[in-house]
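Commentary on secondary and tertiary structure
As a plain string of letters, each chain reads:
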Amino acid sequence: MNTLLLLPYPAIDPVLIQIGPFAIRWYALAYIAGLVIGWQIMRRVCEQPPELLSPVKIDDFLVWAALGVILGGRLGYVLFYKPGFYLANPLAILTLWEGGMSFHGGLLGVIAAILAFAIRNKVDPFMLSDLVAIVTPIGLFFGRLANFINGELWGRTSDVAWAMIFPHGGPLPRHPSQLYQAFFEGIVLFLVMVAVWRRTDGRRRPGLLTGVFCAGYGVARIVGEVFREPDAHLGFLLGPLTMGMLLSVPMVAFGAWLIVRAERRPALA
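The numbering scheme is per chain: residues are counted from 1 as the chain's sequence reads. Thresholds applied to this predicted model are a pLDDT of at least 70 for local features of residues and 80 or more for the giving and counting of side-chain atom pairs; totals over whole chains, interfaces and linings are not thresholded and use all residues. Think of the side-chain values as coming from all heavy atoms in the structure, minus any hydrogens and water.

With that out of the way, let us pick up the packing of helix α1 (residues 26–45) against helix α2 (residues 55–80). The packing of two helices is summarised by the inter-axis angle and the distance between the axes. Contact pair α1 / α2: the axes reach a minimum separation of 10 Å and the direction vectors enclose 155°. The orientation of α1 with respect to α2, classified from their angle, is roughly antiparallel. Here α1 runs over α2; the crossing is right-handed. Contacts from Y31, L35, W39, M42 and R43 of α1 reach α2 at P55, I58, D59, F61, L62, A66 and V69. Grouping the amino acids of the contact of α1 with α2 by side-chain chemistry returns 10 nonpolar, no polar and 2 charged. Axis definition: a line fitted to C-alpha atoms, over the contacting stretch in the case of helices. Angles run 0 to 180 degrees between N-to-C directions. Counting from the N terminus, the helices are the DSSP runs of H or I reaching at least four residues and the strands are the DSSP runs of E reaching at least two. Should an angle fall under 35 degrees it is taken as roughly parallel, and over 145 as roughly antiparallel, whereas 65 to 115 is taken as roughly perpendicular and any remaining angle as oblique. Put simply, a crossing is left-handed when the front helix is turned counterclockwise from the back one by less than a right angle, and right-handed when it is turned clockwise. In what follows, residue pairs with any heavy atoms lying within 4.5 Å of each other are defined as contacts. Put simply, Ala, Val, Leu, Ile, Met, Phe, Trp, Tyr, Cys and Pro go in the nonpolar bin, Asp, Glu, Lys and Arg in the charged bin, and everything else, Gly too, in the polar bin.

Shown next, in the form of structure tokens:
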């Protein structure tokens, strides 16, 4: 293949600003942007009928959500993807600036935060999880863009016109699968969530939006994994299936169950 015809990889420094030992990385900014923008949208959405939670409660929940995302995402990556390495190097678990976060782990962390916050504030956890489900694709979008900037989690080898040679991905051109995932897990899924919220009675059926997100993300992730290179230390686990696919199948099933459950229950007034 003539590499001159390939779409060049835009080599962006993963570090935006560095002053001595202090560095601001795009990866960290992606998480901050997702949390802040999601928080602001949740504050506006919760004021629309039916008023599920007050903006003040959403402000309180932001800290819980941030801890759930960070702790769950990191522990999920440690347990799902590199348990042997981190068992031998436990201090490496703390090196968050080097990357290594699992969406599925972060999801479990946020679920734990939602349940704890709902119990503490005596609210229906599905009312809160529905609000979180609407804005989660925003964080996914920024996170996948950060993966692209870091030149990590690249796609499988390909000869498509927009294939790229990633700095650490070997000499062969690859799918920019991070951008595929940013589009489907971020933009498309966010538009679906907004459409369900605005054009159906989903907002009045606790759990329905959560179900749509779980099923939608699971499908989008499975499709994205078709183009993404499996983690080198894991490879394919069951035939053509990757770890990302296997972790997403239960999400699709759980999401479908939540949708059916919400549709069978009477809508809120």
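Having seen it, we continue.
Moving on, we come to the side chain of Q181. Note on placement: Q181 falls in helix α6 (residues 177–199). Each residue is assigned to one of three classes by its accessible area relative to the maximum for its type, calculated with a 1.4 Å probe on protein chains only: buried under 20%, partly exposed between the two thresholds, exposed over 50%. Overall, the relative accessible area of 1% leaves Q181 in the buried class.

Two rings from Phe, Tyr or Trp (for Trp, the six-membered ring) form a pair when their centres are within 6.5 Å of each other. A pair whose planes differ by under 30 degrees is stacked, one over 60 is edge-to-face, and the rest are tilted. Tallying each qualifying case throughout the model produces 13 aromatic pairs. Between Y9 and F166, the aromatic rings sit 5.1 Å apart at their centres with planes inclined by 55°, giving tilted as the arrangement. Of this pair, Y9 sits in the segment before β1 (15–19) while F166 sits in the loop between α5 (125–150) and α6, and the two are 157 residues apart along the sequence. F166 carries the same exposure label as Y9, and that label is buried. Three or more aromatic residues link up through ring pairs in this structure, and these residues are Y9, F148 and F166.

Another point: helix α4 (residues 103–121). Expected helix span is given by 1.5 Å per residue-to-residue step, counting one fewer step than there are residues. Between its first and last C-alpha, α4 extends 26 Å over 19 residues, near the 27 Å set by a 1.5 Å rise per residue. Those residues of α4 that fall on the buried side of the exposure criterion are F103, H104, G105, G106, L107, G109, V110, A113, I114, F117 and A118. Each element contacted by the buried residues of α4 is listed here: α2, α5, α7 (208–227) and α8 (243–264). The N-cap of α4, judged by a side-chain oxygen 3.4 Å from the amide nitrogen of H104 a few residues on, is S102. Residue K122 follows α4 closely and has a positive phi angle near 55°. N or O atoms closer than or at 3.5 Å make up a polar contact, with two conditions inside protein: a donor-capable atom paired with an acceptor-capable one, and, for residues adjacent in sequence, both atoms drawn from side chains.

Two numbers describe how α7 lies on α8: the axes approach to 7 Å, and their chain directions differ by 155°. Classified by the interaxial angle, the pair formed by α7 and α8 is roughly antiparallel. Considering only the axes of α7 and α8, their crossing is left-handed. Of the residues assigned to the contact of α7 with α8, the class counts are 17 nonpolar, 6 polar and 3 charged.

To continue, consider empty space enclosed by the protein. Using a 1 Å grid laid over the protein atoms alone, points where a 1.4 Å probe fits but cannot get out form a cavity; open sets with protein on both sides within 12 Å along at least 5 of 7 lines form a pocket; any residue with an atom within 4 Å of a point counts as lining. Grid points are joined across faces, edges and corners, and a volume is the space filled by probe spheres set on the points. Counted under the stated rule, the structure contains 1 cavity of 30 Å³ or more. Space inside the largest cavity adds up to approximately 40 Å³. For the largest cavity, the full set of lining residues is E225, P230, D231, L234, G235, T242, M243 and G244.

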